[in-house]
Amino acid sequence: MPVNLLQEIFYRLLANYGPRNWWPGETTFEICAGAILTQNTNWNNVEKAIANLKKADALSLDKIASLKKDELAELIRPTGYYNLKASRLQEFIFFLKQEHQGSFERLFSHPWQQTRVELLNIKGIGPETADSILLYAGNKPSFVVDSYTRRIYSRLGIVTEGISYDELRKYFMDHLPHELYLFNEYHALIVELGKQVCRKSPKCSHCCLSALCPVYIS
DNA sequence: GGCCAGGACACCA
DNA sequence: TGGTGTCATGGC
């Protein structure tokens, strides 16, 4: 079976870190909430917020929808941007109730490309959050890219640093088989690599990464 | 005490 | 269309 560069990197990451078994979350809604809460935020802080929601018995569509915005904001305070994210969570739930009777099954019952457009029309749901919801909550083969992906693959010389989200995502979608397991693990592995390697050398260039990165291919 | 984290959006030229 | 400011807590 021919293997291209992106697949080769995937296999090396998988061998190095093992399956990540994403997304951390017990329910579809918890995954969606996590996708919103983790925007530009460390996952440890998201875990604190989710724990707060669970402790308050508030991790449900109806409960969050019924909370006052400042009450919700207080529960998710550890994630930062708590006022914004409180609005975004409630916007998402409003959309789900309004357009799909509050049913994730209905939300994901259409062609996922159509669902992606719907999600992107929700205020506060950008491309990465939409793709995370599709992939990890909806089990749809929509590849997720993030700042780690751009940083790592531009330093490897595979893409340019200024590449847009859509261009970067298209590059992966064009060069990988559209397999759910592959997309699921690949993004999770990139995040793991991003956390463990690049953060130690945030200014590192291509050569620096090549020395540090265990998956570098010359 | 500064930097960074699994972004998105409003605003402006 | 692209660049910049804003939103904000917590770990290292």
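The paragraphs below set out a description of the structure included in this document. (Residues numbered from 1 in each chain as written. Chains lettered and ligands numbered in written order. Predicted model: local features only at pLDDT ≥ 70, side-chain atom pairs only at ≥ 80, totals over all residues. Heavy atoms only, no water.)

**Quick look at the protein's contact with DNA strand C**
Around DNA strand C, the surrounding shell holds 11 residues, and the nearest of these are Asn45, Arg77, Tyr81, Tyr82 and Asn83. Within the side chain of asparagine 45, a nitrogen or oxygen atom sits 3.2 Å from a sugar or linking oxygen of DNA strand C. Measuring from a phosphate oxygen of DNA strand C, one finds a backbone N or O atom of asparagine 83 at 3.0 Å. Contributions of two or more residues to the surface near DNA strand C are made by helix H3 (43-55) and helix H6 (82-100). Residue contributions to the surface near DNA strand C peak at three residues, all from H6. Among the residues forming the surface near DNA strand C, the class breakdown is four nonpolar, four polar and three charged. (Near = heavy atom within 4 Å. Polar contact = N/O pair within 3.5 Å; in protein donor to acceptor, adjacent residues only side chain to side chain. Helix = DSSP H or I, 4+ residues; strand = E, 2+ residues; numbered from the N terminus. Nonpolar A, V, L, I, M, F, W, Y, C, P; charged D, E, K, R; others polar.)

**Some thoughts on H6**
Here H6 is 19 residues long and its end C-alpha atoms lie 26 Å apart, about the 27 Å a rise of 1.5 Å per residue gives. The set of residues buried in H6 consists of Lys85, Ala86, Leu89, Gln90, Phe92, Ile93, Phe95, Leu96 and His100. Residues of H6 that are buried sit in contact with helix H2 (28-37), helix H4 (61-66), helix H5 (69-75), helix H7 (104-107), helix H8 (112-120) and helix H9 (127-137). (Expected span 1.5 Å × (residues − 1). Buried < 20%, exposed > 50% of the residue type's maximum accessible area, 1.4 Å probe, protein only. Contact = heavy atoms within 4.5 Å.)

**Some words on the protein's contact with DNA strand B**
DNA strand B sits among 24 residues. The nearest are Trp23, Gly124, Thr129, Tyr148 and Arg151. A breakdown of the atoms of DNA strand B within 4 Å of the protein gives sugar and phosphate a share of 67%. Take glycine 124: an N or O atom from its main chain is 2.6 Å from a phosphate oxygen of DNA strand B. Within the side chain of arginine 151, a nitrogen or oxygen atom sits 2.9 Å from a phosphate oxygen of DNA strand B. Within the residue set of the surface near DNA strand B, elements represented by two or more residues are H9, helix H10 (147-155) and helix H12 (180-196). Of the residues assigned to the surface near DNA strand B, the class counts are nine nonpolar, nine polar and six charged.

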